Amino acid sequence: MARRLGQILVDMGYLDEEKLWSLLEEQKRSSNELIGKVAIRLGLVKEEHVLKALGEQLGMKVMKLAETTIPSELTELVNETMATAFKIVPVSQNKKDKSVTVAMAEPQNPSTLDSVRQFLGVEVKGAVASEADVMAAIERLYAGHQESIEDVVKQIESDKGLSQYSNRNQNTIDLEAIEEMAEAAPVRKLLNMVLLLSIKDKASDIHFEPFEEEYKMRYRVDGVLYELVPPPRHLAPAIASRIKVMANLDIAERRLPQDGRIELAIGGNSVDIRVSTLPTLFGESVVLRILDRTVVQLDLNKIGMPADLLAQWRELCHRPNGIVLVTGPTSSGKTTTLYATLNELNEVTEKIITTEEPVEYDIDGLIQVPINSEIGVTFAACLRAILRQDPDKILVGETRDLETAEIAIQASLTGHVVFTTLHTNDAPSAITRLRDMGLPTFLITATIQGVLAQRLVRKICANCRTEFQPSQEVAMELGMTSSEAATKKFFYGKGCDRCNNTGYKGRMGVYELLIMNDVLREMVVSETSLDEFRTACRKFGMRTLRESGLQAIHGGLTSVEEILRETMLDEV
């Protein structure tokens, strides 16, 4: 077992035992900040002492990059995007085994070396350097060497080794040739760059799509797809195979869909990438879903819920039993809201079990069960088993059928809180949907405590937000008269460098919360029409999605276009 850094600093004579104890106390108070950084901040030791101790602890050499000559060809191997993302500088390469030594600003993070190894495809060794030294070296080393995806695509087009495949039928290229193409340096470089830029731009998905005459690369940021510079068409099998190698999938199997995952550590954060391949008419389509915990805020205070609605939601979620539904179309943020809620409810006194397809974020303290329908691990089967595990709160990823709904109801009747999702357009129609599934109305009224409907809209970039007065047509679309609109504030994003000239940065939720009461339960039992039920819900204080959207518009959080796109006008 490696010696602790504090003890090494004492052994090297840089600290005494008394100072070490005060240092450990301060570290506890500062949310477990790295002990070396705390020691430097308190002025107990110098940075060079910490670097020497780190080198001793990790068995790495300590380097001063200002005094080191770095061969310029190493910038070809480790480009600027990779160097900045991982805070590393390539120092040397062994001519025999091609292994690379990199100076690291964060050597304590062992998974950084694994991630760099995965990107480069060669053995990578670490050395210790200060963060300031590494960042200064990056600036010095890559001045005039900044590469874009366009540059890499041009290199690929002029690469003679790869151009030999350009006139060959994609289906006749043998496995050996594909492996050779997948391992080619330009292909690796392109893929590394696309991955790192997508993570930097906070993309949620990357699409690699083969067509008859071209090969497209697109990525989704804040729910909108943007096209990247397309690589040559003949690289389709090479890129698909390179991704498969990284995800440990079968590169010889090109006729069946495959699923896998790539795990990376970037800047001290773990990024989980889900890989899905799909055989199409012109080759394999590959989609990477990026799950980055630093992008998704699993905190109820940061998902865009207004304060009054948040207080009601918290009260609902702390009830001792019953079913709480979250509803909305695919990609409306239902999972994020539920994870943020469970994160808050996650206490030592509560046993929380979730069953999901797939498990998107692992949270310490929750028991999370992945669904696998192929072997009979369905939502219904899991839910039955979960009830024998003495839970307090249960999350069922999705209620798709009557069987799952019935077991969820049994669970709530026996003293559990059950969170689940449905696909409906608004909160009141979730009750109708359960009735259509075949659930008796008396069971619906006995168990459903509340329904949260939601949509995701893009937030206006705070840097280029500008006020404007909408036209009469826009006011009418929002259900307002011109004079009403004149008394309210409206904003849009002009577009700037911070938001890539889109006018938007980040996303937020727009919510509609229906809390059941005795009058509404009576209406469900007497099978009142959906329109009457919706009107009654509004009378009891439910703010519709459109009304919540208008509130967000006037607060300068989102634009008119986003709300018109995501919500329907309420027919009163």
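None of these values were measured; they are calculated from a predicted model.

About the cut-offs
- Residues numbered from 1 in each chain as written.
- Predicted model: local features only at pLDDT ≥ 70, side-chain atom pairs only at ≥ 80, totals over all residues.
- Heavy atoms only, no water.
- Salt bridge = Lys/Arg side-chain N within 4 Å of Asp/Glu carboxyl O.
- Helix = DSSP H or I, 4+ residues; strand = E, 2+ residues; numbered from the N terminus.
- Contact = heavy atoms within 4.5 Å.
- Pairing = 2+ DSSP bridges.
- Axes fitted to C-alpha atoms, helices over the stretch in contact; angles between N-to-C directions.
- Core = buried A, V, L, I, M, F, W, Y, C linked by side-chain atoms within 4.5 Å.
- Buried < 20%, exposed > 50% of the residue type's maximum accessible area, 1.4 Å probe, protein only.
- Expected span 1.5 Å × (residues − 1).
- Phe/Tyr/Trp six-rings, centres within 6.5 Å; stacked < 30°, edge-to-face > 60°.
- Lys NZ or Arg CZ within 6 Å of the ring centre and 35° of its normal.

Enquirer: Mind laying out the pattern of salt bridges, listing which residues take part and the relevant values?
Expert: According to the stated counting rule, one finds 26 salt bridges in the structure shown. In this structure, arginine 538 engages glutamate 547 in a salt bridge whose closest nitrogen and oxygen atoms are separated by 2.5 Å. Where salt bridges share partners, they join Arg261, Glu263, Asp272 and Arg274 into one cluster.

Enquirer: Please give an account of the environment of isoleucine 367 that cites residues and values.
Expert: As for its placement among the helices and strands, isoleucine 367 is situated in strand β12 (residues 366-370). Taking C-alpha positions, isoleucine 367 is 37 Å from glutamate 522, a pair spaced 155 residues apart along the chain. In this view, isoleucine 367 contacts Lys351, Ile352, Ile353 and Thr354; residues no more than four positions away in its chain are not counted.

Enquirer: An account of the sheet that holds strand β1 (residues 88-93) is requested, with residue identities and associated values reported.
Expert: Strand order in the open sheet formed by three strands is β1-β2-β3, with mixed pairing between adjacent strands. The open sheet has two free edges, formed respectively by β1 and β3 (124-128), since each of these has just one partner strand. The mean angle between the axes of side-by-side strands here comes to 30°, regardless of whether they run parallel or antiparallel. When β1 meets strand β2 (residues 100-104), the two strands line up antiparallel, connected through five bridges. Paired with glutamine 93 across the bridge in β2 is valine 100. Against the sheet, helix α7 (residues 110-120) engages β1, β2 and β3, with an angle of about 140° to β3.

Enquirer: Residues and numbers for the nonpolar core, please.
Expert: Residues Leu65, Leu190, Phe208, Ile239, Ile273, Val275 and Leu288 are the most contacted members of the largest nonpolar core, which totals 85 residues. For this core, the element with the most residues is helix α12 (residues 185-200), which contributes eight residues. Leaving out residues up to four positions away in the same chain, phenylalanine 208 has contacts with Leu191, Val194, Tyr215, Lys216, Met217, Ile239, Ile243, Glu284, Ser285, Val286 and Leu288. With 38 residues, the next largest nonpolar core counts Cys382, Ala408, Leu443 and Met516 among its residues.

Enquirer: Tell me about helix α15 (residues 334-345), and name the residues and values.
Expert: Given a rise of 1.5 Å per residue, 12 residues ought to cover 16 Å, and the 17 Å separating the end C-alpha atoms of α15 matches this to within 8%. Along α15, the residues classified as buried are Lys334, Thr337, Leu338, Tyr339, Ala340, Thr341, Leu342 and Leu345.

Enquirer: Give me the pairing of strand β8 (residues 269-280): which residues, what numbers.
Expert: Relative to β8, strand β7 (residues 258-266) runs antiparallel, the two being bridged by nine bridges. Looking at β8, one finds that leucine 264 is bridged to valine 271. Here β8 pairs with strand β9 (residues 283-292) via 10 bridges, running antiparallel. The residue of β9 that forms the bridge with leucine 278 is serine 285. Between β8 and β9, which pair antiparallel one after the other, the connecting turn spans two residues.

Enquirer: Please give an account of the pairing of strand β5 (residues 215-221) that cites residues and values.
Expert: Looking down a regular strand, the side chains alternate between one sheet face and the other. Residues Tyr215, Met217, Tyr219 and Val221 of β5 are buried on one face, while the alternating residues Lys216, Arg218 and Arg220, pointing to the opposite face, are not. Of the strand pairs in this sheet, strand β4 (residues 205-210) and β5 are connected by six bridges, and their pairing is antiparallel. Across the sheet, the residue bridging to glutamate 209 is lysine 216, located in β5. In textbook terms, the turn of a hairpin is the stretch between consecutive antiparallel strands, and for β4 and β5 this stretch comprises four residues. Note: β5 against strand β6 (residues 224-227), four bridges, orientation antiparallel. When the bridges of β6 are listed, arginine 218 appears paired with glutamate 227. Hairpin connection between β5 and β6: a loop of two residues separates the two successive antiparallel strands, and aspartate 222 in this loop has a positive phi of roughly 50°.

Enquirer: Go over the side chain of threonine 447 with me, naming the residues and quoting the values.
Expert: Among the secondary structure elements, threonine 447 is positioned in helix α19 (residues 441-447). With residues near it in sequence (within four places) discarded, threonine 447 still touches Gly322, Ile323, Ile409, Ser412 and Leu413.

Enquirer: Tell me what's going on with the packing of aromatic side chains, and back it up with residues and numbers.
Expert: Within a pair of aromatic rings, the relevant descriptors are the distance that separates the centres and the angle that separates the planes. Throughout the structure, instances matching the rule amount to three aromatic pairs. Both rings, one in phenylalanine 468 and one in tyrosine 492, keep their centres 5.7 Å apart while their planes meet at 90°; by these two values the pair is edge-to-face. Residue phenylalanine 468 is found in strand β16 (residues 465-468), and its partner tyrosine 492 is found in strand β17 (residues 490-493); the two are separated by 24 residues along the sequence. The exposure class assigned to tyrosine 492 is partly exposed, which follows from its relative accessible area of 33%. Feature note: the residues Phe468, Phe490 and Tyr492 constitute an aromatic cluster, connected by ring pairs. Sitting above the plane of the tyrosine 504 ring, arginine 458 keeps its charged end 4.0 Å from the centroid.

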